[in-house]
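What the coordinates show
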Amino acid sequence: MSGYKTASSHNSFKQRFIRDFKLNKLLYFMMIPVLLYYVIFHYAPMYGAVIAFKDFSPMKGIMGSEWVGLQHFRDFFSSYYFWRILKNTVVISLYSIIFMFPAPIILALLINEVRNQAFKRVVQTVSYMPYFISLVVICGMITDFTNSNGIINSLFSLFGYDGAAMLQKPGLFRPVYILSEIWQKIGWESIIYIAALAGIDQEQYEAARIDGASRLKQMLYITLPGILPTITIMFILRMGNMLNVGFEKIILLYSPVTYETADVISSFVYRKGLLEFGWSYSSAVGLFNSLVNLILLISANYISRKVNKSSLW
Amino acid sequence: MQAENGLKNKAFDWIINTALILLVIVTLYPLLYVTFASFSESSQLVANKGFLFKPLGFSLEAYKSVFSNPGIIKGYGNTLFILVVGVTLNLFLTAVAAYVLSRRNVMWNNLFTFLIIFTMFFHGGLIPLYLIVKNVGLIDSLWATIVPFAVSTFNLIIMRTSFSAIPESLEESAKIDGANHLTILFRIILPLSKPVVAVMILYYAVEKWNAWFYASIFLKDRDLFPLQLVLREILIANSTDNMSTGASSADQFMIGETIKYATIIVATVPILVVYPFVQKYFEKGVMIGAVKG
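Residues numbered from 1 in each chain as written. Chains lettered and ligands numbered in written order. Predicted model: local features only at pLDDT ≥ 70, side-chain atom pairs only at ≥ 80, totals over all residues. Heavy atoms only, no water.

1. Examining the overall build of chain B
- Each helix and strand in chain B was counted, giving 13 helices and 0 strands.
- Counted from the first residue to the last, chain B has its helices and strands arranged as α-α-α-α-α-α-α-α-α-α-α-α-α.
- Taking 19 Å as the expected radius of gyration for a compact globule of 293 residues, we find that chain B reaches 25 Å, considerably beyond that expectation.
- Out of the 293 residues in chain B, the part that is buried amounts to 51%.
- Accessible surface, chain B: about 13,800 Å² in total, of which carbon and sulfur atoms supply 67%.
- With 21 positive and 17 negative side-chain charges, chain B shows a separation of 5 Å between the mean positions of the two kinds. (Helix = DSSP H or I, 4+ residues; strand = E, 2+ residues; numbered from the N terminus. Rg over C-alpha atoms; globule rule 2.2 N^0.38 Å. Buried < 20%, exposed > 50% of the residue type's maximum accessible area, 1.4 Å probe, protein only. Areas by Shrake-Rupley, 256 points an atom, 1.4 Å probe, with all protein chains shown as cover. Lys, Arg positive; Asp, Glu negative; His and termini not counted. Charge placed at Lys NZ, Arg CZ, Asp CG, Glu CD.)

Written out as structure tokens, the structure is:
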């Protein structure tokens, strides 16, 4: 603490507190509803997560329920489901990082190379469109198209697929999930990279052209490095959400037949907690999920700060 | 060297344009298919396997069933309520908080900001949230889809960043004229921030329009179901039966097929009509959002 705010050190905390309050009273007053919102709907649930260490019964309430320590965590880690849902979550996450993450970057690079402005506009407008269709409708379309009579299924039958409903096959759940995800979001997620592309110094291209660099080379050695900071930030954010697989979509698409490849931590939390009323057990699983996320985010940020000096904090 | 590069560049253009044309087709065709299918004669559609390049026959039967379904009409009504009331509350609270947090020389702002951003990275989980909503007494009320989502932290940060960029001198001169913070926010800052306000409305509206998951756990009363929950029953759980009463079960199955497509159209057209008009805003919005908070 030595040297901390030496200039104002003759003001005691109490004096500063009172002066600040007098000066900014209205601001603090304006902040009350928002702070209440965060306390009630974000911090109270964090406190409520203690039921993961208790045997929660709605009759006794959070306070009154009995402590059971790490019992629910032990049950979870030793259950048959632990490895299955952990594996599914990690695999689906990795797939979306490997296939989903680069897709909008590639699209942005392609759109950037289009010289006909009208065509560029059309591509952008069309590619953003599916993002605005609601998830429920998208999932309805996926279910229908991959059904035994659906268009995607008919198309694949031409290449020797047996024609059974794709969402009934555990082996096809992930490809269907990831491909439809790319279909819906590639355009929308490319916007941020297109925005970043606009900031690249045009003189670099001129210099490269004089040196005789082909457009492919310009794309690889000027454009791509130019948006690298944006890519890094997006990647860190993505890592922090690694275990938050889009479970709403999974819940809409999966069925008991495909649980073995489709069930992830959050869909499991939903089923055990809200459909089967295993409140405490399910909270323990959810807490495990949140903690792993936080650790992943902090590590990704740390690594990025060390490796290429750009980070979230 | 020059000529070789010229040839290479031509091939390069050709590859890129082909790839993008393919992307446009792959993106658009499913939507066209749904449109064609919705106007098709149900018996012909069921018999057909594979691609459609125009409606098979022409029938408005499916649309008649959709528009006479009370669930869909009510769903639209509930969604409209959630949208209008929800987005208004979202915008008001977000603007006020963004204003306060963008003020300099406020002693507790750093702490507030930290506490708010922390919620983006750690949360209590689904079950504790459910218990809170239950304890607050919001279960089975449309407010359950509004109040627990009153502020989106991500949007709040975007708005705070944009407010911080407004020159302080404007605020100072208003203060000299005797304006208080509320006046400054609503008379000076907000009118100057129209683009970011438009983006916030868009982001919140899309979120509200799409919301079905929390509605499905917080609402049990069918009369309160927003449109997306009604759609889920029709599209995912496949229950079109109550919309085709009076038909035999084989007919019900056939009509059910076209009803699904008509439902998709009815639920999606409003968005796709509005979307070209708001496109320019969300491009701007993503750029604003991309600025590091």
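2. Observations regarding the environment of Val34(B)
- Secondary-structure assignment places Val34(B) in helix 1 (residues 2-38).
- Exposure remark for Val34(B): the relative accessible area of 2% places this residue in the buried category.
- Ignoring anything within four residues of it in the chain, the contact list for Val34(B) reads Met141(A), Phe145(A), Tyr261(B), Ile264(B) and Ile265(B). (Contact = heavy atoms within 4.5 Å.)

3. As for the confidence of the model for chain A
- Looking at chain A, the pLDDT average stands at 89 and 96% of residues meet or exceed 70.
- Note on residues 1-7 of chain A: pLDDT under 50 across the span, and 1 contact to partners over four residues away in sequence or across chains. (pLDDT = per-residue confidence, 0-100.)

4. Some thoughts on the interface of chain A and chain B
- Each partner contributes to the interface: chain A provides 91 residues, whereas chain B provides 95 residues.
- Summing the contributions of chain A and of chain B, the shared interface buries around 8,600 Å²; its carbon and sulfur component is 77%.
- Counting the contacts that link chain A with chain B gives 3 salt bridges.
- Salt-bridge contacts for Lys260(B) lead to Asp144(A); the nearest nitrogen and oxygen are separated by 3.0 Å.
- In this assembly, chain A and chain B are joined by 19 residue pairs in polar contact (both at pLDDT 80 or more).
- Sort the elements by how many residues they give to the side of chain A that touches chain B and helix 1 (residues 13-48) of chain A lands first, with 23 residues. (Buried area = accessible area lost by both parts, 1.4 Å probe. Salt bridge = Lys/Arg side-chain N within 4 Å of Asp/Glu carboxyl O. Polar contact = N/O pair within 3.5 Å; in protein donor to acceptor, adjacent residues only side chain to side chain.)

5. Looking at the pattern of salt bridges
- Tallying each qualifying case throughout the model produces 18 salt bridges over all chains.
- A salt bridge links Arg215(A) to Glu113(A), with the shortest nitrogen-to-oxygen separation between them at 3.2 Å. Taken together, the positions of Arg215(A) in helix 11 (residues 215-226) and Glu113(A) in helix 5 (residues 102-113) put the pair 102 residues apart, joining distant regions of the chain.
- Judged by relative accessible area, Arg215(A) falls into the buried class, the value being 10%.
- The salt bridge partner of Glu181(A) is Lys249(A), with a shortest N-O separation of 2.6 Å. Highlighted residues: Glu181(A) in helix 9 (residues 170-197) and Lys249(A) in helix 13 (residues 247-253), separated in sequence by 68 residues.
- Here the residues in one salt-bridge network are Glu113(A), Arg115(A), Arg215(A) and Asp13(B), joined through shared partners.

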